[in-house]
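# Topology and contacts: notes
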Amino acid sequence: MKLNKLAKLAAVVAFSAVALAACGSKSSSTSSNQVLNWNENAELPTMDLSKATDVVSFDMLNNSMEGIYRLGKDSKIEAGLATKTQVSNGGMKYVFTLRKNAKWSNGDKVTAKDFVYSWQRTVNPKTASQYAYLFSGIKNADAIMAGKKSVSTLGIKADGNYKLTVTLEKKLPYFKLLMGFPVFFPQNQKVVKKYGSKYGTASKYMVYDGPFKMTKWTGSNLSWTLKKNNDYWDKKDVKLSAINFKVNKSNTTAYNLYQSGKLDETNLGAEQAKQLKGSKNYVVRRGASTFYLEFNQTKKEFQNKKIRQAISLVINRKQFVNKVLGDGSTVAKGYVSTGLAKHNGVDFTTAAYVKSGTESNIAKAKKLWAEGLKELGVSNLSFSILSDDTDAGNNTTQFLQSAIEENLKGAKVSVENVPFKTRLSRSENGQFDVVVSGWGADFSDPISFLDLFTSDNSYNNGKWKNTEYDKLIQASKTTDAGNANKRWNDLVKAEKILMKEQGISPIYQQANATLVKSKVKGVIYNPAGVNYNFKDAYIAK
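The notes below deal with the structure included here. (Residues numbered from 1 in each chain as written. Predicted model: local features only at pLDDT ≥ 70, side-chain atom pairs only at ≥ 80, totals over all residues. Heavy atoms only, no water.)

## Considerations on the overall build of the protein
Selection criterion: Helix and strand assignments follow DSSP, with helices taken as H or I runs no shorter than four residues and strands as E runs no shorter than two, numbered in order from the N terminus. Our radius of gyration looks at C-alpha atoms and nothing else; its globule reference is 2.2 Å times the residue count to the power 0.38. The buried label applies to any residue whose accessible area, calculated with a 1.4 Å probe on protein chains only, is under 20% of its type's maximum; exposed applies above 50%, and partly exposed to all values in between. What sets the accessible areas is the Shrake-Rupley method with a 1.4 Å probe; for residues, cover comes only from the shown protein chains. Under the convention used here, Asp and Glu are negative, Lys and Arg are positive, and both His and the chain ends fall outside the count. Lysine's charge is taken at NZ, arginine's at CZ, aspartate's at CG and glutamate's at CD.
If you tally the helices and strands in the protein, you get 18 helices and 24 strands. Here the C-alpha radius of gyration of the protein, 23 Å, is about what a compact globule of 541 residues would show, namely 24 Å. For the protein, the spread of C-alpha atoms along the three principal axes comes to 70 × 55 × 45 Å. Out of the 541 residues in the protein, the part that is buried amounts to 62%. Accessible surface, the protein as shown: approximately 20300 Å² in total, 48% of it carbon and sulfur. Charge centroids of the protein, computed over 79 positive and 46 negative side chains, lie 4 Å from each other.

## Side note on the side chain of Ser118
Inclusion rule: Any two residues whose heavy atoms approach within 4.5 Å at even a single point are treated as in contact.
Note on placement: Ser118 falls in helix α2 (residues 112–123). By relative accessible area, which is 0% here, Ser118 ends up buried. If we skip the residues at most four places from it in the chain, Ser118 touches Leu49, Ser50, Phe185, Pro186 and Gln187.

## Regarding the pairing of strand β6 (residues 93–98)
Moving residue by residue along a regular strand, the side chains alternate between the two faces of the sheet. Cut-off, in case you're wondering: Two strands make a pair as long as DSSP finds a minimum of two bridges between them.
One ladder, built from 6 bridges, connects strand β5 (residues 82–88) with β6; its direction is antiparallel. For Lys84, the partnering residue across the bridge sits in β6 and is Thr97. One ladder, built from 5 bridges, connects β6 with strand β8 (residues 163–167); its direction is antiparallel. Looking at the pairing, Thr97 lines up with Lys163 of β8.

## Considering the sheet that holds strand β2 (residues 35–40)
Put simply, the test is: Angles run from 0 to 180 degrees between N-to-C directions of axes, and those axes are lines fitted to C-alpha atoms, restricted for helices to the stretch in contact.
Spatial ordering of the open sheet is given by β2-β11-β10-β9, a layout of 4 strands whose pairing is mixed. Each end of this open sheet is capped by a strand with a single partner; those strands are β2 and β9 (212–215). Ignoring strand direction, the axes of neighbouring strands in this sheet form an average angle of 20 degrees. Taken together, the 6 bridges between β2 and strand β11 (residues 242–247) define a ladder with parallel strand orientation. Across the sheet, Asn37 pairs through a bridge with Asn244, a residue of β11. Here helix α1 (residues 55–64) sits on the sheet and contacts β2, β9, β10 (223–228) and β11; the angle it forms with β10, its principal contact strand, is near 20 degrees.

## A look at the packing of helix α9 (residues 305–313) against helix α13 (residues 362–376)
We count it as follows: Should an angle lie under 35 degrees it is considered roughly parallel, over 145 roughly antiparallel, and from 65 to 115 roughly perpendicular; all remaining angles are considered oblique. Crossing handedness follows the turn of the near helix against the far one: under a right angle anticlockwise gives a left-handed crossing, and clockwise gives a right-handed one. Side-chain classes follow a simple rule in which Ala, Val, Leu, Ile, Met, Phe, Trp, Tyr, Cys and Pro form the nonpolar group, Asp, Glu, Lys and Arg form the charged group, and the remainder, Gly included, forms the polar group.
Put simply, α9 and α13 touch, their axes get as near as 8 Å, and they point 155 degrees apart. When the axis of α9 is compared with that of α13, the two are roughly antiparallel. Our pair here, α9 against α13, has a crossing hand that is left-handed. Residues Lys306, Ile307, Gln309, Ala310, Ile311 and Leu313 of α9 form the contact with α13, whose participating residues are Ile362, Lys364, Ala365, Leu368, Trp369, Glu371, Gly372, Leu373, Glu375 and Leu376. Considered class by class, the residues forming the contact of α9 with α13 number 10 nonpolar, 2 polar and 4 charged.

## What about the packing of helix α10 (residues 317–325) against helix α14 (residues 391–407)?
When two helices pack together, you describe them by how their axes are tilted relative to each other and by the distance separating the axes. Relative to each other, α10 and α14 sit at 140 degrees, their axes nearing to 11 Å. With respect to α14, the axis of α10 lies oblique. Here α10 and α14 pass one another in a crossing that is right-handed. Across the interface between the two elements, Gln319, Phe320 and Val324 from α10 touch Asn395, Thr396 and Phe399 from α14. Grouping the constituent residues of the contact of α10 with α14 by class yields 3 nonpolar, 3 polar and no charged.

## Some thoughts on empty space enclosed by the protein
Quick reminder of the rule: With a 1 Å grid laid over protein atoms only, a set of points is called a cavity when a 1.4 Å probe fits there but cannot get out and a pocket when it is open yet has protein on both sides within 12 Å along at least five of seven lines; lining residues have an atom within 4 Å of a point. Grid points are joined across faces, edges and corners, and a volume is the space filled by probe spheres set on the points.
If you add up the space inside the largest cavity, you get close to 160 Å³. Forming the boundary of the largest cavity are 16 residues, of which Ser136, Leu172, Tyr174, Ile447 and Lys477 lie nearest the centre. Elements represented by at least two residues in the lining of the largest cavity include exactly α16 (447–450) and α17 (467–477). Looking at side-chain class alone, the lining of the largest cavity contains 8 nonpolar, 3 polar and 5 charged residues.

## Here we look at the sheet that holds β6
Sheets are built from strands that pair by backbone hydrogen bonding, the pairs being arranged parallel or antiparallel. Taken in spatial order, the 4 strands make up an open sheet running β5-β6-β8-β7, and their pairing is antiparallel. Looking along the sheet, the strands with just one partner apiece sit at the ends: β5 and β7 (156–158). The sheet shows a mean angle of 15 degrees between the axes of neighbouring strands, taken without regard to direction.

## A word on the pattern of salt bridges
Selection rule: We define a salt bridge as a side-chain nitrogen of Lys or Arg found within 4 Å of a carboxyl oxygen belonging to Asp or Glu.
For the structure shown, the criterion picks out 21 salt bridges. Two residues, Glu66 and Arg70, come together in a salt bridge whose shortest N-O distance is 3.1 Å. Like Glu66, the residue Arg70 is buried in the burial classification. Salt-bridge contacts for Lys477 lead to Asp451; the nearest nitrogen and oxygen are separated by 2.8 Å.

## A word on the side chain of Asn457
Turning to its location among the elements, Asn457 is positioned in the loop between α16 and α17. If sequence neighbours within four positions are ignored, Asn457 has contacts with Tyr133, Asp451 and Leu452.

Limitation: the analysis is restricted to geometry and does not speak to function.
Below, the structure written as structure tokens:
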């Protein structure tokens, strides 16, 4: 999942969740005090679940929409729209019985046909969904995405209004976790067709089937509200009457609002985190997410491996996480986040560790840089680094600019800090030299990271390509999918190739230092996948 600098991340994986102090009695859901005021670091790009790619959009979708399952504390599968699940044919066929009392916020019933329509819409090449690849493994999904088969052949079928059958063409060990991810939620076809290109671009151009429904979002404003959805099937267990979200790109501004009682939660900058670490309201949100430099390898200079390696080697990651971030984030050991997955007791990052991929070595960097420039036939190199326009984004680009220019002779670096939504768009369109990107796992498996850098993945914005890497990822999904040892080895080898070739340059594994008012209870945070689940949240008296 695409991440904004120090946004509340995903993410999706050793799915673990942190429920804020569960003590205290629950207040009545009708209380006028059941309003939560929450800080956001970035604008909301979309509410179209077929087109969403980022943590903010998925957090909003996760709380205003609902699918077959919900993911609760520790990412435990909880009841969503399915009341019964039957698995057969060696795990290749799933039959879900859906509840009959689920409604959309416009009063329409939620039916199995809404799932069929939604899934077919997402895998349809015309939709250009960047998350369609997650459907790989569902019967005919790959062929449909390749334009070789009709969307009607996708392995999902509605047997009446309340029975949904899904057929796989290969085993997906993480299939049930995917069913709790918003890309697999239903969509109301009538509403999508009614609003056309406006669908999902503002709160009024949507309908909702989750605990809350969105209001006050125009598509470009920096505040919105999730209001309790009285058409939700389990509304009796939803305690909050509303959640007000306010985008504050300055940690200082957000902290002042928190201090004045206008926010119940805020992210902290490095200095704030150091000063407030002992506060009873201090909470560190650790994410299954990695931030890294992505090089635009359609450009000759970044096709040069030595240039990529030199830039990576001048980054003092330990100094960066301690002095610049100071929020509990840790130095990345590789691309896949630490703690995401283990095999035979060994963490993936330990098994796949390549020292050169994330080390700091100025002497080596200078040597490689000089050799790279010589191979390119130039004596200097100018390029820009793109990132978000938040405090953290600005601090990051300044740190990188300084490290590169001070240590690599002939390097001239300019920085571009733009709104999160703009950074995503420019990244997707290849309008960058080097970009600070972030990815949070969507489910508890290394493939959730490694899939991104196959040659044809839509998220591979830098266009790095390696034939052996592609073969290993493909084998992990096909010939070796049923053999845990072989599949693990495929993924370990793939990560090592990515690091040895410096396809990207991992910098840090993210954590967010936050303050959360002690009166806020029952909020579920998952490091991987969608971060926040507010269904059971409430304000204690």
